[in-house]
Structures are given as structure tokens and as C-alpha cells.
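Structural overview for review
If you want the building blocks of each chain, they are given just below.
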Amino acid sequence: MSLNFAEMTASALAEAYAAGATQKDVLDSVRAAAQTKDAAIRAYVKLEGAQPKHRKAEKKSPLWGVPVAVKDNICVEGQEATCGSKILQNYVAPYNATVVEKLLDAGAVIYGRTNMDEFAFGSSCETSFYGPTKNPRDLTRVPGGSSGGSAASVAAHAAVLSLGSDTGGSIRQPASFCGIVGLKPTYGRVSRYGLIAFASSLDQIGPFTKDVRDSALLLQVIAGHDPKDSTSAEVPVPDYASFLGKDVKGMRIGIPKEYVASGLGADVKKAMDDAVKTLEALGATVSEISLPHTKYAVNVYYIVAPSEASSNLSRFDGVRFGFREAAADALVPMYERSRGTGFGAEAKRRIILGTYSLSSGYYDAYYLRAMKVRTLIKRDFDEAFAKVDAILTPTAPSAAFKFGEKSKNPLEMYLSDIFTISANLAGVPAISVPGGLSAAEGLPIGLQFMTKPFDEGNLFRVAHAFEQATDWHKKLGNVK
Amino acid sequence: MSLIPTIGLEVHVQLNTKTKIFCACAVRFGDQPNSNVCPVCLGLPGVLPVLNREVFKLGLRAVVALGGEPSERVKFDRKNYYYPDLPKGYQISQFDQPIGRGGFVEIETKTGPKRVRLNRLHLEEDAGKLLHDQSPTSSLVDLNRAGTPLAEIVSEPDLDSADEAYAYLTNLKAILRSIGVSECDMEKGQLRCDANVSVRKSKSEPLGTKVEVKNLNSFKAVKAAIEHEIERQTAALGKGEKLFQETRLWDDGKEKTFTMRSKEEAHDYRYFPEPDLVPFTLTKEAIEEARKSLPELPKAKKERFVSQFQLSDYDAALLTSQKEVADFFEKTVGEFKLEPKSAANWITGPVFAYLGEKNLAIDGTALSPKLLARTAGLVQAGKMSFQAAKEKVLPLVMETGRCPEEIMNEKGLAQVSDDGALDGWIAEVVAANEKVVNEFKSGKDGAVMFLVGQVMKKSGGKANPGKVQERLRQRLAASA
């Protein structure tokens, strides 16, 4: 067969399987696409050595035989898991992350590891030890981050589906930059076991897909309580596909005034205005709401996330695995030199930030205070969801920026997550869907929907209705 | 110069669970290095802790047994520091909300009973162990112990002497063992103790400079180190020197303490709430249940032994310091009808002597209450001398579990109580010791013991000494 399976969605692939396609055909096609495209975009790490991994499973799940690429911070037994860092070079995971187990049980094929900002610290995929991934829409621009490789591989049709992780926008912002669908599930919806932690109270694994339906299919497989993750919730997983195709008549959608008041760029503003018209035309009611404390979200995030990260990254000490500076001849120099050489600049910056926030004498003023504001942000969302069923915001302040444009100024880079961070702090689910193109360069603009915790069903419902009414995903379908 | 010492103890006890605190690995002492380990206790990237509920139950049991107030919210924190035996670079512990606050351990002092108040009891995981003697050029790490559940019990500075510290440890151990919370075997590292020691001129003065003494590997070492530290501090102040807040290490061989680190070098542990574990609420019912399920505690048991069995305080204390010993005693008395005072003498005398010599616990030998009662019965019935029973028969019974009577006969230790045989030996001795016989007759009563001794000698130790004396006196009286 000469079909390019890599260009398909998972649901289309399921139909192809039903029509007689073989797993070998599919894998060969996806492997060829990945290898061809990756020369230019570098979405994968160490692709040449990648081996597909699958196990025998009944053809019950729509993901049977569907290749899924995983971010380099998700553990797959027998494969390197390096978080895009020198310090984890040659570290081979001895076990599968729970999401990987679930995918293998469903008959999906794990193929390829995708590039990322080192330890997921970044919004541009520029801090990876392997070098940057390029945006398939414009190779001079970043794919977003930190899950840049996961977004670029799917957008470039070098992968059918991929998994990323989202701590402050690391799935949604690259999805927006690359013109695809990216979902951050409710905190606790998907097991974090086997996800190499950045900030434990914020991290969630989630899908990158070409459309909303695939997002629902992939979440269906990976969601659910995991006894190995105490923070995963014992909340039943509904049938997400049943929410697709439902209309949004009477659905109440809120737009936080704080998100639009600050003066959106013309492209983003237009996408928002168009979306309001589309949703109203579909029968939804759109109103202004307030999330008053979200203006502190970036500040809170850059205390909480680095604090947890500084502790989570302590285990990378050169003692048991990963990179060790061979020349060191005593314990403390071994620590200092292994970590000093093993971590990149942004990782070190965040470790120092977090160490400072947690140190005695500063803890109350920084970490504790940030946690209090975090509670207020969460309350903002609780109050908002008493009035509306979903919240609509831009995903990012702009379309994809150029390489080097923000990497010299960390603060400016941090602000590129201004619209996404609150969902992590509040634990609510959020999805980015294509919502327009920039006027000058024709670059994708993403829009973000959020719902109350564990209401991914209605999130898919509104995102799917919007997607079907706009077809941006189809317009973005063809990449040069 | 005589100063008043103030001492507080920090005791770590290993909780009596089959598996580790956050994973399913076995807790076992003495196995091959790194054989009881898994990705979780190795702190591999991506793993998450899951609390072993048994740990929490044992912690709660200890809190209520010690009269402490259980915390309504059970929460864990991270204590961050680097050491090669600490795989994650942080220890999961409890910081601001320990599972228990307050409580006390009662001890006997020269001036009567005293309550040593407890500050707190918290749960935490143990670290691994460094092996320095396996290689000339490097240290090796054994992580079998990493993740072993511990309770840290911190006393108030209520102890006034090394003897009181010793008594506190003894009673604390008895309580924890009696409720099955910990074996408290110091040789297996199941109980570890650090001592905080300071001295001051009078009780009206504020506490003196506190010195923490570590590396105390036995109760004896605790006592010796505290005595030494009091002397050292007293001497230093006497010479007009200033003391520094510091941590010192006890050297058992040199019987001295040495500076380990000063206050300035103290760690900043950057405690913060463990985001991987979800805090949970302790219900009043659970606390009530824990209180109700407590067995009789050593102090109550001791008081009961005094009143029920008319034992001395001393004997009752010895018998109740270990639950297994107390149970053994009660069974010997209750089921096998050995008279209480006699049972106490047998157990605290020959049985303890044997256990001490062989370094065994009472349930580590073949001795049963039934066998002890039978051994004692043979002596009481005059069939064997106490001496022979203690030295020759009991040790063999304890080693083999064989019938004491059989051993007695086999070794020819059966006492001769037969009047004819005794009278024969008595006649010979009286005839051969005319001088002594006359001394007796002239009123020197003690001379009879010499004659008894001579009869015993003649009998090869087999004569029943009580019977010999009885018949000897009869004979001498008759011939007077």
C-alpha cells in the first residue's frame, strides 16, 4: 500500500485497519515519514535507534495499532529517558510509565521519543541538550515548549499521536504554535507514575492530536486512577467520545476580562472575536467573567514550580545513574561538577530559584505566600464555574516566535505562558485548539477552553463543536 | 564545680512492617546488599511514593500508647539534603504536623517516679547505608534499608542524668515492644538514639548551650556518652571556656565525643509539603479504635504483677520489661502451676543468665513454660539439686527442648534422698570429724554446714542437701 498513514488521524487509521491495513504497513509508513521529516524539524531524539514497542492485545480499542510518540520525560522500559538533558545521557528506564502500560494494553504502538526543553523548563524547545526542534509551519520559528517535539511531530505528520506533559502550558502552547490540538487533563486525571517530575503538584501528561476526536480517544485510554500514583483521582472515566457531536446550544461560555484587558495582539484578538461569533452562532451564550487573582499566576508559578523542581531534581546527583563528572575525586566536588556540567543554564536557574524560595528565612515570604495565592486562584475558578460551563481564552499571547527571540530574556519567555499557567495552578482541564492564522505570516493561533475539574467531557464537547464549525484543523492540515 | 545537666533524647525506631514505607520491597536485615530494592526506593526518575497504611497504623498505635495527641491531618513533608545513601536527595518525613504531639514515658528515679514528657512522634523513611570497608578507593552504597519505616520520638529536655536517660530508653523500648510497634533491637539498627546535652548552674537559669551527640549504638553507649559529655562541658566551663552549639560524635573505643559539625555548618533542609502524597484526615473513630486495641502496657502489667503475684517491684519490673517474658511467666504460673515467686526466681535467675550468655530472646530457645515448670518441679520435689538443675539440666533443656527428667537421669544428677544411703554417708562423716561434731554439740550451730558439705562430697554431689542436713541434725541430736 502506498497510503501515507502518518498523515491520518487515529480514527482514520482505525478505519484503515478495519479495511485491511496491516500493522507493518502502518509502522513502515510512519517510520518513513518520521525519518524523512525529522531531518529538517528534529522533533525526535535519537530517532535512528528507535524501536517500536507493542504487545498483543485484542482489537477492542480504537487505538489498536496506532503509533504514539512519547516525550523524552516519559519512561518506557528498555529505552533511554533523558528529559533532553546531558545529566541523563544513557539512562535507560527499567520500567514503563503507567500511561505507556495503558497504551500497550490497548494495543497501541509506542514509537519514538520526542524532543523537549531540558526537564521541561522552557516554552520554545531551545534548551534541549539535543538542540532545538523547529516549527514545521516555519522552520525559522520555535515549535513552542516544553513539549515542542511532541507538537512538531504530529503537526508535521511525522507522528499520528504523541504524548507530552504540561506543567504551565507545555502541551497547550506548542499545540497552539504548531496548529494542532493539545490537552492538559485535570490534575489527577492521568497517572504521573513514570513521568520524570518537574513540578509534582502541577504536572500532567496529555495528548497531542490532529483533531479533538483523537484527543478524546487518547485520553480515554490513559485516564483513570492508578494505585501507584497517590495523586491520581478515584473519579470514574466517562465515555469521552459520547460528548463529541453534541451541540453547544445554551452552553455558557465565559471570557475572563483580565485576559483580554491587557491588550491582545491584533491576530490573537481577531481569533478571539471570531471564536465568540462562532460560538454564539452555535447557540452558546458568551459572557464576561472575572478571575481576579490570575494576574498573580505567573508570579505564583515561578515560585511553586521551581521550588518543587529544585527538590525533584536532587536525585540527579551522579551517584546511581546518568552523568558523573569522572575527574572529581571527592563527594562534594563530584556533586558540584556532575550537576554543574550535567544541567543546562535554564535548569540551573530554576534550581537556584526554587532552592532560594524554600530556604529558611524565605519560605514564608515566597513559597508559603505563593501557595496561599494559589488557593485564591483556585477559588476564582470555582466561582467562575458556578456561572459558566466553560472558559475561553487565547492559548498564547502570540503566534510562534523566532529562534533566539526570547531565549536571552527569561522573563519574557516566562510570560509566553501567561494564559496557560492558571489551569495548572487551579488543576482544571484545558485544551488548545486551532483558532486562526496570523495575518502577516499565516502562522497558527491557538485558543484555549477550560472547564471545571474532571469535566473533560464538556471540554471535548465545546472544543469539538468549535472545531467542526471552523475547520481550522483541516486548513492547517497540509505542511510543506 | 558541679553543674546541673539537662538531657533530651531523639529516638528513631524501626516500625514493625513486612514492607517498606512507600513501596512493596521487603524490610529485612542482613540480606545481600541492594537485593530488597525497586525503582521506588532506588529513587529512579519518574517513580512516586505510595504510603504503606500499616506504617500509619503503627505510628498511631505508638502515639496513643505513649499518651500523645494524634494529629487530625496526616501529612508528609520533604527534608532536602544530599548524601549518597539518600537516593532521592530528600527524605520523606513529617515536619509541622507530626502524627503525634505530647505524651510521656514514666521512669523510676532516686527521688521517685517521674514523667518524661514527649515533644512529638513523627513518621519518616530511613536512608540506605554506606559501606566504606569494601574497596580501598571508594565507598559503596547499600539501599536495602532505604525506605524502611521509622518513627522518630523526641523527648522534652526532662532528663537530669545519664541514668535517667537509660531508664527512659528502657521503658520506651518496653512500651513499643509490648504494643508490637517495633522490635527495638539496637544491634539490628532498629533503635537509634541521639542525645541533646547541656549544663547550667541552677534550675532557675536558662538552659545552657546544647550539644547534640550522635553515633550511640547501645544503651550503654548512650549512658557513657552522656556522662562523658556532662564532664566535658562542666570541665570546659570550669576552665572559663565557652561552649558552642554543635553536633558531636561518640567514639565507643576512645570513650569520648568529637566535633562533627558546628551550628554554622548545619543543614538548611528546605522542608516543604510532599506534593506526591495527598494529606488525609484521621477520624475520631480511628483514634478511638487504636486506643481500644492497645494491650496492657508494661507499667500497668508491672503493677498487676506486684498485686496479683505478690512479687517485689524489682522482680515485677524485670518480668514486664519484655512482653514475651511476662507472657512466659504468666503461663508458667497459670497453666503449669509453678508458684509465682519461684517462677520469678527461675526466670530472672538461671533463664536470664542463659539468654544473656547466648544473646537470645526468651522465645529464641526451646524452653517452654511447661518445661520450666517441670525442671523447677524436680528441684522442689528434691529429686535434683538447684545447682545441678541450673548448671547442667536447664541449659540443655533450653538448647534442645528435651525432657528435664530424662537429662537428669542420663547425666546421673538424680539426688539421693534415700534414707539408708544418706545415713551411711552421714555415719562415715560423723566418725571422721569428731572435732567438728564436738564443736557443734558445744553450741556452734554453723559447724553443721561443714558436715553437710562433707556428706555432699562423699556422695559425689548427688545427696539431697536439705535431706542431709535434716538427718544429720537428727542424728547429732540423738547422740548428744
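The structure under discussion appears in the preceding block.
A quick note: this is a predicted structure, and the numbers were derived from the prediction, not measured.

We now examine the overall build of chain B. Each helix and strand counted, chain B has 15 helices and 17 strands in total. Its C-alpha atoms give chain B a radius of gyration of 29 Å, clearly above 23 Å, the size a compact globule of 480 residues would have. Taken along its principal axes, the extent of the C-alpha atoms in chain B is 95 × 55 × 55 Å. For chain B, the residues scored as buried account for 41% of the 480 residues in total. For chain B, the share of sequence-separated contacts (at least 6 apart) that also reach a separation of at least 24 residues comes to 67%.

A word on the environment of B:A317. All names here are of chain B. Note that A317 resides in helix 6 (residues 313-320). A317 sits in the buried class, given 21 other C-beta atoms within 10 Å. Here the alpha-carbon distance between A317 and K299, two residues 18 residues apart in the chain, equals 8.3 Å.

Turning our attention to the pairing of strand 5 (residues 181-184) of chain A. Residue and element names in this part refer to chain A. Of the two faces of strand 5, both are covered, the one formed by V181 and L183 as well as the one formed by G182 and K184. As defined by bridge partners, strand 5 adjoins strand 6 (residues 204-209) across two bridges and the pair is classed as antiparallel. Counted as the bridge partner of V181 is T209 from strand 6. For strand 5 and strand 10 (residues 430-437), the ladder comprises three bridges, and the chain directions are antiparallel. Within strand 10, the residue paired with L183 across the bridge is I431.

At the interface, 32 residues of chain A touch 24 residues of chain B. Within the residue set of the side of chain A that touches chain B, elements represented by two or more residues are helix 9 (297-312), helix 10 (331-342) and helix 11 (345-358) of chain A. It is helix 9 of chain A that contributes the most residues to the side of chain A that touches chain B, three residues altogether. The class makeup of the residues in the side of chain A that touches chain B is 14 nonpolar, eleven polar and seven charged.

Residue and element names in this part refer to chain A. Strand order in the open sheet formed by eleven strands is 1-3-2-4-6-5-10-11-9-7-8, and the pairing between neighbours is mixed. Bordering the open sheet on either side are strand 1 (44-45) and strand 8 (285-289), each of which pairs with just one other strand. Of the strand pairs in this sheet, strand 7 (residues 252-256) and strand 8 are connected by five bridges, and their pairing is parallel. Counterpart to G254 in the pairing with strand 8 is S287.

Residue and element names in this part refer to chain B. The residue H12 is located in strand 1 (residues 4-14) in this model. Judged by local crowding, H12 falls into the partly exposed class, with 17 C-beta atoms found within 10 Å. A C-alpha to C-alpha distance of 27 Å links H12 and A316, two positions 304 residues apart in sequence. Dropping the residues within four chain positions of it, H12 is found in contact with L150, E152 and R192.

It is worth spelling out the nonpolar core at this point. By size, the foremost hydrophobic cluster in this structure holds 219 residues, and its most contacted members are A:L103 and B:A195. With near-sequence residues (within four places) excluded, A:L103 lies in contact with A:L63, A:V68, A:A108, A:I110, A:V221 and A:I222. Core analysis: the second largest hydrophobic core is formed by 35 residues, B:A326, B:W346, B:L367 and B:L394 among them.

Here the focus is the packing of helix 1 (residues 53-65) of chain B against helix 4 (residues 284-292) of chain B. All names here are of chain B. Where helix 1 contacts helix 4, the two axes come as close as 9 Å, and the packing angle between them is 70°. By the angle between their axes, helix 1 is roughly perpendicular relative to helix 4. Two packed elements cross with a definite hand, and for helix 1 against helix 4 that hand is right-handed. Residues L60, R61 and V64 of helix 1 pack against I287, A290 and R291 of helix 4. For the contact of helix 1 with helix 4, the class distribution of residues is four nonpolar, no polar and two charged.

Attention shifts here to the pairing of strand 4 (residues 77-80) of chain B. All names here are of chain B. Here strand 4 shows two buried faces, one formed by D77 and K79 and the other by R78 and N80. Direction of pairing for strand 4 relative to strand 5 (residues 90-93): antiparallel, over a ladder of four bridges. Residue pairing across strands places N80 opposite Y90, the latter belonging to strand 5. Judged from the two bridges that link them, strand 4 and strand 16 (residues 272-273) form a sheet pairing that is antiparallel.

Within the open sheet, the three strands sit side by side as 5-4-16 (chain B). Their pairing is antiparallel. Because the sheet does not close on itself, it has two edges, and the strands there are strand 5 and strand 16 of chain B.

This part covers helix 3 (residues 98-105) of chain A. All names here are of chain A. Where burial is concerned, most of helix 3 is hidden: seven out of the eight residues are buried. Residues T98, V99, V100, E101, K102, L103 and L104 constitute the buried set of helix 3. Those residues of helix 3 hidden inside the fold are in contact with strand 2 (67-71), strand 3 (109-114), strand 4 (161-166), strand 6 and helix 6 (212-222). Phi for G107, located one or two positions after helix 3, is positive at around 90°.

What counts and what doesn't
- Residues numbered from 1 in each chain as written.
- Chains lettered and ligands numbered in written order.
- Predicted model: local features only at pLDDT ≥ 70, side-chain atom pairs only at ≥ 80, totals over all residues.
- Helix = DSSP H or I, 4+ residues; strand = E, 2+ residues; numbered from the N terminus.
- Rg over C-alpha atoms; globule rule 2.2 N^0.38 Å.
- Buried ≥ 20, exposed ≤ 12 C-beta atoms within 10 Å, placed from the backbone.
- Contact = placed C-beta atoms within 7 Å.
- Pairing = 2+ DSSP bridges.
- Nonpolar A, V, L, I, M, F, W, Y, C, P; charged D, E, K, R; others polar.
- Core = buried A, V, L, I, M, F, W, Y, C linked by C-beta atoms within 7 Å.
- Axes fitted to C-alpha atoms, helices over the stretch in contact; angles between N-to-C directions.
- Parallel < 35°, antiparallel > 145°, perpendicular 65-115°, else oblique.
- Left-handed = near helix turned anticlockwise from the far one by under 90°.

These results come straight from atomic positions and should not be treated as a statement about function.
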